[in-house]
Amino acid sequence: MFSRTVRICYWPTATYLRALSDLSETDELRGFIYPFPENEISVKSSKSSGPGGQHIQRVRSKVTITLDIANSSWLSQRTKDSLFNSNKLTKEGLLHITSERTRHNHRNKEDCIEKLYEMLLKHSYIKPEPSLEEIKAKVDAERKYVQQMKQKKRTEKYYRNRDKPC
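Here we summarise the structure given alongside this text. Model, not experiment: these values are computed from the prediction.

## Description of the nonpolar core
In globular proteins that are soluble, nonpolar side chains generally tend to be buried together.
Point 1. Judged by nonpolar contacts, the single largest core of 20 residues is most densely connected at Phe32, Phe36, Trp74, Leu95, Leu116 and Leu120.
Point 2. Contributing elements (two or more residues each) for this core: β2 (62-68), β3 (94-99) and α4 (105-123).
Point 3. The greatest single-element share of this core, amounting to 6 residues, is contributed by α4.

## Let's talk about the sheet that holds strand β1 (residues 41-46)
Point 1. With antiparallel pairing, the 3 strands of this open sheet are ordered in space as β1-β2-β3. Strands with a single pairing partner mark the edges of an open sheet, and in this sheet they are β1 and β3. Neighbouring strand axes in the sheet, compared pairwise and without regard to direction, differ in orientation by 20 degrees on average.
Point 2. In terms of strand pairing, β1 meets β2 through 6 bridges, oriented antiparallel. Bridge assignment links Ser42 to a residue of β2, and that residue is Thr66.
Point 3. Along the sheet, α4 contacts β1, β2 and β3; its crossing angle with β3, the most-contacted strand, is approximately 135 degrees.

## Brief notes about the packing of helix α3 (residues 77-85) against α4
Point 1. Contact geometry for α3 and α4: axes closest at 9 Å, N-to-C directions at 100 degrees. In terms of orientation, α3 and α4 fall into the roughly perpendicular class. Every residue of α4 that contacts α3 at Arg78, Thr79, Ser82 and Leu83 is listed here: Met119, Leu120 and His123.
Point 2. For the contact of α3 with α4, a count of residues per class yields 3 nonpolar, 3 polar and 1 charged.

## A short note on the pattern of salt bridges
Point 1. Under the defined criterion, the tally for this structure stands at 4 salt bridges.
Point 2. Put simply, Asp140 and Arg143 hold a salt bridge, and the shortest N to O gap is 3.8 Å. Note that Asp140 and Arg143 are positioned in helix α5 (residues 132-162) at a spacing of 3 residues, about one turn of the helix.
Point 3. A relative accessible area of 52% places Arg143 in the exposed class.
Point 4. Each of Arg101, Asp111 and Lys115 takes part in a single network of salt bridges with overlapping partners.

## What to know about the environment of Asp111
Point 1. As for its placement among the helices and strands, Asp111 is situated in helix α4.
Point 2. Here Asp111 falls in the buried class, since its relative accessible area comes to 8%.
Point 3. Counting along the chain gives 13 residues from Asp111 to Thr98, while the straight-line C-alpha distance between them is 8.7 Å.
Point 4. With residues up to four places along the chain from it excluded, the contact list for Asp111 reads Ser99 and Arg101.
Point 5. Engagement of the side chain of Asp111 in a polar contact is seen with the side chain of Ser99, the distance being 2.6 Å.

## A word on the side chain of Thr64
Point 1. Looking at the element boundaries, Thr64 is found in strand β2.
Point 2. Exposure remark for Thr64: the relative accessible area of 17% places this residue in the buried category.
Point 3. Among residues more than four places away in sequence, those in contact with Thr64 are Ser42, Val43, Lys44, His96, Ile97 and Thr98.

## Concerning α3
Point 1. Those residues of α3 that fall on the buried side of the exposure criterion are Thr79, Lys80 and Leu83. Around the axis of α3, the buried residues are gathered within 100 degrees of arc, so they sit on the same side.
Point 2. On its buried face, α3 is in contact with α4.

## Brief notes about the side chain of Ser99
Point 1. Its place among the elements puts Ser99 in strand β3.
Point 2. Residue Ser99 is classed as buried on the basis of its relative accessible area of 1%.
Point 3. Ignoring sequence-local partners within four residues, the contact set of Ser99 consists of Ser61, Lys62, Val63, Asn108, Asp111, Cys112 and Lys115.

Calculation notes
Residues numbered from 1 in each chain as written. Predicted model: local features only at pLDDT ≥ 70, side-chain atom pairs only at ≥ 80, totals over all residues. Heavy atoms only, no water. Core = buried A, V, L, I, M, F, W, Y, C linked by side-chain atoms within 4.5 Å. Buried < 20%, exposed > 50% of the residue type's maximum accessible area, 1.4 Å probe, protein only. Helix = DSSP H or I, 4+ residues; strand = E, 2+ residues; numbered from the N terminus. Pairing = 2+ DSSP bridges. Axes fitted to C-alpha atoms, helices over the stretch in contact; angles between N-to-C directions. Contact = heavy atoms within 4.5 Å. Parallel < 35°, antiparallel > 145°, perpendicular 65-115°, else oblique. Nonpolar A, V, L, I, M, F, W, Y, C, P; charged D, E, K, R; others polar. Salt bridge = Lys/Arg side-chain N within 4 Å of Asp/Glu carboxyl O. Polar contact = N/O pair within 3.5 Å; in protein donor to acceptor, adjacent residues only side chain to side chain. Arc of directions from axis to C-beta.

Remember, this is a structural readout, not a statement about activity or role.
Next up, the structure:
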């Protein structure tokens, strides 16, 4: 099918994730365009919190990605609706994703992109229709359960009536 070389790295990069995906336009199963259009995503850097000594106080390694869900043209309506129904957005309809996992700005940006990708995959998921075999198995299991309950009732009724004097 396709042959491509993918570099192996310890930190998954956006190019690595892009190499895993064959699609570059909106896919009905996915519900968004990947790679993301950079003009609709704003990236801000700030000083990270937590331990780290002087390095953490000098370098802006924390990265925050902000995305306007309502005005994004590359998201399907299904994905937008799912995101609006979740508690991930602000009142203005903005999605903020933050990363301060590493001491490097570019790695934190890649981590934010990965988080955004995973979140969009989760919110654009369509549950597949059950197959005919699955439906039949479920109906058979329900019938079997009902028959077992009827048999149990008959048995209990028999033993209750057996102990009563005539």
